[in-house]
Amino acid sequence: MISRPFIGLALAAAVAFSGPALAKDRNPIKMFDSDHDGTLDLAEVKKAASAMFAKLDRDQDGTLDARELRGRLSAKELAAADPDRDGTLTLDEYLAVVEQRFNVANPDKDGTLDAKELRSPAGRALLRLMK
């Protein structure tokens, strides 16, 4: 017979390690560092952002509108990133924002982002475009 405290512990562990909770806490460097150097370079960031673009483009029209971008870019940021003023971002326009945010998150200009840089406000803004 399984004891009641054991069942409680097992249930707590299952909740703690459930999908959404686990996904929220995942280390972005481990998720996206394809060359396993402990940092993210621009190519790795753009690859992750491109995958996110495809996931967000629910209507598969090759652009993201304000509804699809909700929580990732404000209306003001969308307007600034939309050079043709059509109210949407193409993949190239989206990746231009990603590159701008990468550069802001990389104050030492070494071309890579480490965990500390990703925890900064600029790093968190970049991560919103990647995951």
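Presented here is an overview of the structure given in this document. Just so it is clear, the model here is predicted, and its values are computed rather than measured. Just so you know, the residues in each chain are numbered from 1, in the order the chain's sequence is written. Residue-level local features of this predicted model are given only where pLDDT is at least 70; pairs of side-chain atoms are given and counted only at 80 or more, and the full residue set underlies all totals for whole chains, interfaces and linings. Only hydrogens and water are set aside when side-chain values are computed; all heavy atoms of the structure are taken into account.

### A short note on the packing of helix α4 (residues 42-56) against helix α7 (residues 91-105)
A pair of packed helices is characterised by two quantities: the angle between their axes and the separation of those axes. Put simply, the test is: Lines are fitted to the C-alpha atoms to define the axes, a helix being fitted only along its stretch in contact, and any angle between axes, read from their N-to-C directions, falls within 0 to 180 degrees. In this description a helix means any DSSP run of H or I spanning at least four residues, a strand means any run of E spanning at least two, and both kinds are numbered starting from the N terminus. Should an angle fall under 35 degrees it is called roughly parallel, over 145 degrees roughly antiparallel, and 65 to 115 degrees roughly perpendicular, with every other angle called oblique. Left-handed describes a crossing whose near helix is turned anticlockwise from the far helix by less than a right angle; the clockwise case is right-handed. In what follows, a contact means two residues having at least one pair of non-hydrogen atoms within 4.5 Å. Polar here means any residue outside two lists: the nonpolar Ala, Val, Leu, Ile, Met, Phe, Trp, Tyr, Cys and Pro, and the charged Asp, Glu, Lys and Arg; Gly therefore counts as polar.
In contact at an axis separation of 10 Å, α4 and α7 are set at 140 degrees when each is read in the N-to-C sense. Judged on the interaxial angle alone, α7 and α4 are oblique. Here α4 runs over α7; the crossing is right-handed. Between α4 and α7, the residues in contact are L42, V45, K46, A49, S50, M52, F53 and L56 and L91, Y94, L95, V98, E99 and F102, respectively. In the contact of α4 with α7, the residues fall into 11 nonpolar, one polar and two charged.

### Concerning the environment of L69
Note the cut-off: Three exposure classes are used, based on accessible area relative to the maximum for each residue type with a 1.4 Å probe and protein chains only: buried under 20%, partly exposed in between, and exposed over 50%.
Note that L69 resides in helix α5 (residues 66-69). L69 gets classed as buried once you look at its relative accessible area, which sits at 1%. Considering only alpha carbons, one finds L69 and R128, 59 residues apart in sequence, at a separation of 9.9 Å. The residues touching L69, leaving out its near neighbours within four places in the chain, are L64, L78, L89 and Y94.

### Let's talk about the nonpolar core
This is how the line gets drawn: Residues belong to a common nonpolar core when they are buried Ala, Val, Leu, Ile, Met, Phe, Trp, Tyr or Cys residues joined through side-chain atoms within 4.5 Å.
Ranked by internal contacts, the top residues of the largest apolar core, which has 28 residues, are Y94, V98 and M130. Mapped onto this core, the elements with two or more residues apiece are α3 (28-32), α4, α6 (75-81), α7 and α9 (121-127).

### Looking at the pattern of salt bridges
Opposite charge on two side chains makes pairing possible when the charged atoms of those side chains draw close. Basically, it comes down to this: A pairing counts as a salt bridge when a side-chain nitrogen of Lys or Arg comes within 4 Å of a carboxyl oxygen of Asp or Glu.
Under the counting rule described, the total for this entry stands at three salt bridges. A salt bridge links R67 to D65, with the nearest nitrogen and oxygen atoms 3.9 Å apart.

### Some points on unusual backbone geometry
Within the chain, H36 stands out as a residue other than glycine whose phi angle is a positive 55 degrees. Residue position: H36 is located in the loop between α3 and β1 (40-41). The exposed category is assigned to H36, whose relative accessible area is 68%. For Q60, which is not glycine, the phi torsion reads 55 degrees and is therefore positive. Position of Q60 relative to the elements: it lies in the loop between α4 and β2 (63-65). By relative accessible area, which is 61% here, Q60 ends up exposed.

### Quick look at the side chain of E93
The line we're drawing: This count recognises Lys and Arg as positive and Asp and Glu as negative, with His and chain-terminal groups excluded. We define a polar contact as two N or O atoms separated by no more than 3.5 Å, with the added condition that, inside protein, one atom must be a possible hydrogen donor and the other a possible acceptor, whereas residues neighbouring each other in sequence contribute only through side-chain atom pairs.
By secondary structure assignment, the location of E93 is in helix α7. We note that E93 is buried and unpaired, the nearest opposite charge coming from R85 at a distance of 8.6 Å. There is a polar contact of 2.9 Å between the side chain of E93 and the backbone nitrogen of T90. Excluding anything up to four places from it in sequence, E93 contacts A81, D82, P83, D84 and T88.

The values are spatial; any link to function lies outside them.
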